Amino acid sequence: MERSEIQRRVTNVVASVLAIDPAEVLPASNFVFDLGADSMKSVELIAGFEEEFNIEMEEEKAREVQTVEGAVDFIAQYVK
Amino acid sequence: MAESPGPGRSRLEPIFSPQSVAVVGTTRVPGTVPYDIFYNILKDNFQGTIYPVSPRERSIAGVKAYKYILDIPDPVDLAVIVFPSSVVKLAMEQCGQKGVKGVVIISAGFREVGPAGVEREEEIKEIARTYGMSFIGPNCLGVINTDPAVHLNASFARRMPSAGSIGFLSQSGALCTAVLDYAHAKNIGFSKFVSFGNKADISDIDLMLALKDDPATKVILMYLEEMTNGEAFVDAARQVIHEAGKPVLVLKSGRTQQGASAAASHTGSLAASDEIVDAALKQAGVIRCQTIEEMFNNAIALAYQPLPKGRRVAIITNAGGPGVLTTDAAIHERLELATFSDRTRDVFKRSLPVTANIKNPVDVIGDARADRYRVALGSALEDENVDGALVILTPQSMTDIDTIAEAVCSVASKYDKPTYASFMGETDVASGIAILQRRHIPHYILPESMCRAFARAHDFGSEKDRRLTPAVRFSDVDTAAARTLLESAIAAGRAYLPPADAMQVLAAYRLPVLRSAIARSAEEAASVAAAIGFPVAMKVDSDDIVHKFDVGAVMLNVSSPAEASAAFSTIHARVKAHRPDARINGVLVQCMAGPGEEVILGVKRDPAFGAVVMFGLGGLFVEIFRDVAFRIAPIPPEHIREMMHEVKAFPILTGARGRAHRDTAAVAECLQRLSQLAVDCPQILELDINPLIVRDQGDGCAVTDARILVADTERASEDSAGAARNA
């Protein structure tokens, strides 16, 4: 899958889970600091990515991902 | 008392007294830390401006929220960060860019969670340094300032305490909430209330010094779990107590393993870290408390009432039994029952029933109403033979409890002497107790606590005015010689100094070392002993034998050259039998010390407090009873005397039960010289003089054996364990 496609779909998941405008979701956005994800939302984000890309991520490592860009890189490892 | 802001206070000014506060990372979910902190500041009527900073919300509790602190149009003095630890550094970075000077980091997940947390903590320290910000925390409950001009509750405590003159500083956040609840029930107010958590930047010492200069704070209470910079703590506490005249009360928990793991010598094993903390706090004049209750019992006495100028108390009671209990408790605390003047006795005779006891304790009889208490308390406090009053009440059917409480408060307020009370019971006396608490008469459920608080308040009064004499510096010592011996042992990779060198180090500091020499053969033993003069003591000189007596390697009262030769051979044979692998350098031949009492002197270098000096009586007193006293070097002469008197068996040296009075002045000089040696030679990790023989008064004392540990404690422990296995 193209990186730009991953980026687009990650942005949509983030916007949907956090109920924000996709335009607010920038590559450098930090889920917690910029987008206001609390611990519950972080779990929902991981679940949302897994469903969107039909993958199963290593949860402990997935929790360490802090930014949208980081999530794209992380998911790219699973959807090659 | 200095009112101008000192260096500690100015750094803390934006934290204690901000004009504007931003809560960074707050949310709209009540019952969560990020929301409750914001809401507490809001509902507890902060006098400045408050800004919620939340990435997702447009407003919190009706207050316009900002996505970033950088979006706030006005200056921000204090930021309270409640974000998860993973993004605290981002928040700190923006606080720095915003020009914030004070930060409280509530978030947990730093040093307390392991290496990853340590790294995060270092990152935020670096950001704070870069931008010149001071911060409290991380991992804390927050900060409260009850000053009406500020009225800041930047914490997630359930309640804001009332204003008072007690400053409370705590390493534990959870304990803070318990203390607030406890204090609320007893109507105790606070000036400042700080949970300092990991103290990554602002330390307990900074906070103590800030409260020293805080006009609203009269008494400082601290709950500590560790004392990493003990020497600085002691210096700061001394400043608070002796310069500002404010009492410092410490509740210290969490005994560390350091003392036990480094136990390579007698002093090492006896000087467990908690005993060192105890000694250091005593030396600083800090009142150490064992429980929260004891801490507040003492604090209210110190905060609410004048300090007692003496130990003479008047006990006023409406019940015989409790009067006797209070008398017992007072005597136990070394208080004295005041002897009333004739004038006071006349007033009592005229005003009290004939059945009343007009001596101390004054029994105003079970049916006493407020008028009798008023007369008895007023006359007692008027009496120049009385330094303070202890009022006891038990609730009989005719006892007008509330009126008596009002009378006690009103009479006590007219005198510059302390009055404490114990209204005994619970239900019936509750309203009276509430009156006493509201009007700042310290109240105690038990007379014992009341007497203890009186005694501590008196002790503090004496301590704060005490000016200690600087520790003696002897000019006749040879520091270079001592250091050379210590350095050469270190260079040779030795854990312990050879016994002869250890004695030479002590001799360089003019400690009374007995004349001695090493013999390397039986023949040499005879000639060396003859040169020293009979009788002599002989003991093996071996790095591998720690407990020489245990392997029969010490022989005393050797009285002729022939005996000396034989003793050499015997010692050799015994050591070889018990420890075939032991390396024997020779046999030390030493002048006999003569009759006297055995005492032990020691030094231990503590990671937090530096050089600690120990004194105790020898033999059983050390081994079984641990009857020893410690002080941090350098030791003022007053504390040399006090540490000697602290040892319970000390009267054995001062003529108890017809014994000879030993030369205690010579012991004091030895302790002073040892204290100087410990300060001058940081190479010494541990040192035992065991025993020091104390002869009769005027005849001095003699060091008969000494061990000095110079290497790192880990290796020393191994050496010691090896020696113990083989002994």
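Residues numbered from 1 in each chain as written. Chains lettered and ligands numbered in written order. Predicted model: local features only at pLDDT ≥ 70, side-chain atom pairs only at ≥ 80, totals over all residues. Heavy atoms only, no water.

### Comments concerning the packing of helix α1 (residues 3-18) of chain A against helix α4 (residues 68-76) of chain A
Residue and element names in this part refer to chain A. Orientation of α1 relative to α4, taken along the N-to-C sense of each, is 125 degrees, at an axis distance of 10 Å. Between α1 and α4, the interaxial angle falls into the category oblique. In this structure, α1 meets α4 at a crossing whose hand is right-handed. Seen from α1, the contacting residues are Arg3, Ile6, Gln7 and Val10; seen from α4, they are Val68, Glu69, Ala71, Val72, Asp73, Ile75 and Ala76. The residue inventory of the contact of α1 with α4, partitioned by class, reads 7 nonpolar, 1 polar and 3 charged. (Axes fitted to C-alpha atoms, helices over the stretch in contact; angles between N-to-C directions. Helix = DSSP H or I, 4+ residues; strand = E, 2+ residues; numbered from the N terminus. Parallel < 35°, antiparallel > 145°, perpendicular 65-115°, else oblique. Left-handed = near helix turned anticlockwise from the far one by under 90°. Contact = heavy atoms within 4.5 Å. Nonpolar A, V, L, I, M, F, W, Y, C, P; charged D, E, K, R; others polar.)

### Some thoughts on the side chain of B:Ser134
Residue and element names in this part refer to chain B. Relative to the elements of secondary structure, Ser134 occurs in strand β7 (residues 134-136). At 3.1 Å, the side chain of Ser134 and the side chain of Arg11 are in polar contact. Beyond its immediate chain neighbours, meaning those up to four positions away, Ser134 contacts Arg11, Ile15, Lys101, Gly102, Val103, Asp201 and Ile202. (Polar contact = N/O pair within 3.5 Å; in protein donor to acceptor, adjacent residues only side chain to side chain.)

### Focus: α1(A)
Residues and elements named next belong to chain A. With 16 residues, α1 extends 22 Å between its outermost C-alpha atoms, agreeing within 8% with the 22 Å of an ideal straight helix rising 1.5 Å per residue. Buried residues along α1 sit against α2 (39-53) and α4. Downstream of α1 by a residue or two, Ala19 has a phi angle that is positive, lying close to 55 degrees. (Expected span 1.5 Å × (residues − 1).)

### Looking at the pattern of salt bridges
Residue and element names in this part refer to chain B. Using the criterion set out here, one finds 48 salt bridges over all chains in the structure. Measuring nitrogen to oxygen at the nearest pair gives 3.1 Å for the salt bridge that ties Asp278 to Arg288. Of this pair, Asp278 sits in helix α10 (residues 273-284) while Arg288 sits in strand β14 (residues 287-289), and the two are 10 residues apart along the sequence. On the basis of relative accessible area, Arg288 is assigned to the buried category, the value being 15%. Ionic pairing is found between Glu646 and Lys282, a salt bridge with its closest N-O pair at 3.3 Å. Here Glu646, found in helix α23 (residues 637-646), pairs with Lys282, found in helix α10; they are 364 residues apart in sequence, far enough to count as distant. Take Glu646: its relative accessible area is 31%, and that puts it in the partly exposed class. (Salt bridge = Lys/Arg side-chain N within 4 Å of Asp/Glu carboxyl O. Buried < 20%, exposed > 50% of the residue type's maximum accessible area, 1.4 Å probe, protein only.)

### Considerations on the packing of α1(A) against α2(A)
All names here are of chain A. The contact between α1 and α2 brings their axes to 10 Å, and the two run at 140 degrees. One way to sum up the angle between α1 and α2 is to call them oblique. As α1 runs across α2, the sense of the crossing is right-handed. Packed against α1, whose contacting residues are Ile6, Arg9, Val10, Val13, Val14, Val17 and Leu18, the element α2 presents Lys41, Glu44, Leu45, Gly48, Phe49, Glu52 and Phe53 at the interface.

### Concerning the packing of aromatic side chains
All names here are of chain B. Under the defined criterion, the tally for this structure stands at 15 aromatic pairs over all chains. Here the aromatic rings of Phe168 and Phe190 are separated by 6.3 Å at their centres, their planes lie at 70 degrees, and the arrangement is edge-to-face. Of this pair, Phe168 sits in strand β10 (residues 163-170) while Phe190 sits in strand β11 (residues 190-195); the two residues are 22 residues apart in sequence, bridging distant segments of the chain. Like Phe168, the residue Phe190 is buried in the burial classification. (Phe/Tyr/Trp six-rings, centres within 6.5 Å; stacked < 30°, edge-to-face > 60°.)

### Thoughts on the nonpolar core
Residues and elements named next belong to chain B. Ile136, Phe168, Met208 and Phe233 are the most contacted members of the largest nonpolar core, which totals 108 residues. Here this core gets 8 residues from one element, more than from any other, and that element is helix α11 (residues 292-304). Beyond its immediate chain neighbours, meaning those up to four positions away, Phe233 contacts Asp204, Ile205, Met208, Met222, Leu224, Met227, Val250 and Leu281. Membership of the second largest hydrophobic core comes to 51 residues, among which are Leu497, Met643, Ala666 and Val667. (Core = buried A, V, L, I, M, F, W, Y, C linked by side-chain atoms within 4.5 Å.)

### What to know about the interface of chain A and chain B
With 11 residues of chain A at the contact, the number on the chain B side is 11 residues. Interface area for chain A against chain B, summed over the two sides, is near 950 Å², with a carbon-plus-sulfur share of 60%. Considering only the surface of chain A that becomes buried against chain B, A:Val32, A:Phe33 and A:Asp34 emerge as the three largest contributors, covering 60% of it. One can count 0 salt bridges joining chain A with chain B. Counting across the interface, chain A meets chain B through 3 residue pairs in polar contact (both at pLDDT 80 or more). (Buried area = accessible area lost by both parts, 1.4 Å probe.)

### Quick word on the sheet that holds strand β6 (residues 102-105) of chain B
All names here are of chain B. The 5 strands are arranged β2-β1-β5-β6-β7 in an open sheet whose pairing can be described as parallel. Where the open sheet ends on each side, the last strands, each with one partner, are β2 (49-53) and β7. The sheet shows a mean angle of 20 degrees between the axes of neighbouring strands, taken without regard to direction. Seen against the sheet, helix α3 (residues 88-98) touches β1 (20-24), β5 (78-81), β6 and β7 and runs at an angle of roughly 170 degrees to β5. (Pairing = 2+ DSSP bridges.)

### Let's talk about the state of the cysteines
Each disulfide consists of a covalent bond between the sulfur atoms of two cysteine residues. Residues and elements named next belong to chain B. Tallied over the entire structure, the rule returns 0 disulfides over all chains. Cys409 carries a free sulfur, and the closest cysteine sulfur to it, the one in Cys451, is 19 Å from it. The buried category is assigned to Cys409, whose relative accessible area is 3%. (Disulfide = S-S within 2.5 Å.)

### Quick notes on the sheet that holds β14(B)
All names here are of chain B. Reading across the sheet, the 7 strands line up as β9-β8-β11-β10-β12-β13-β14 and stay open at both edges, with mixed pairing between neighbours. Each end of this open sheet is capped by a strand with a single partner; those strands are β9 (152-155) and β14. Between one strand axis and the next, the sheet turns by 20 degrees as a mean value, whatever way the strands run. The pairing of strand β8 (residues 142-145) with β11 spans 4 bridges and is antiparallel. If you follow Asn145 over to β11, its bridge partner there is Lys192. Packing of helix α6 (residues 204-212) onto the sheet brings it into contact with β10, β11, β12 (219-224) and β13 (248-252), and relative to β12 it is tilted by some 170 degrees.

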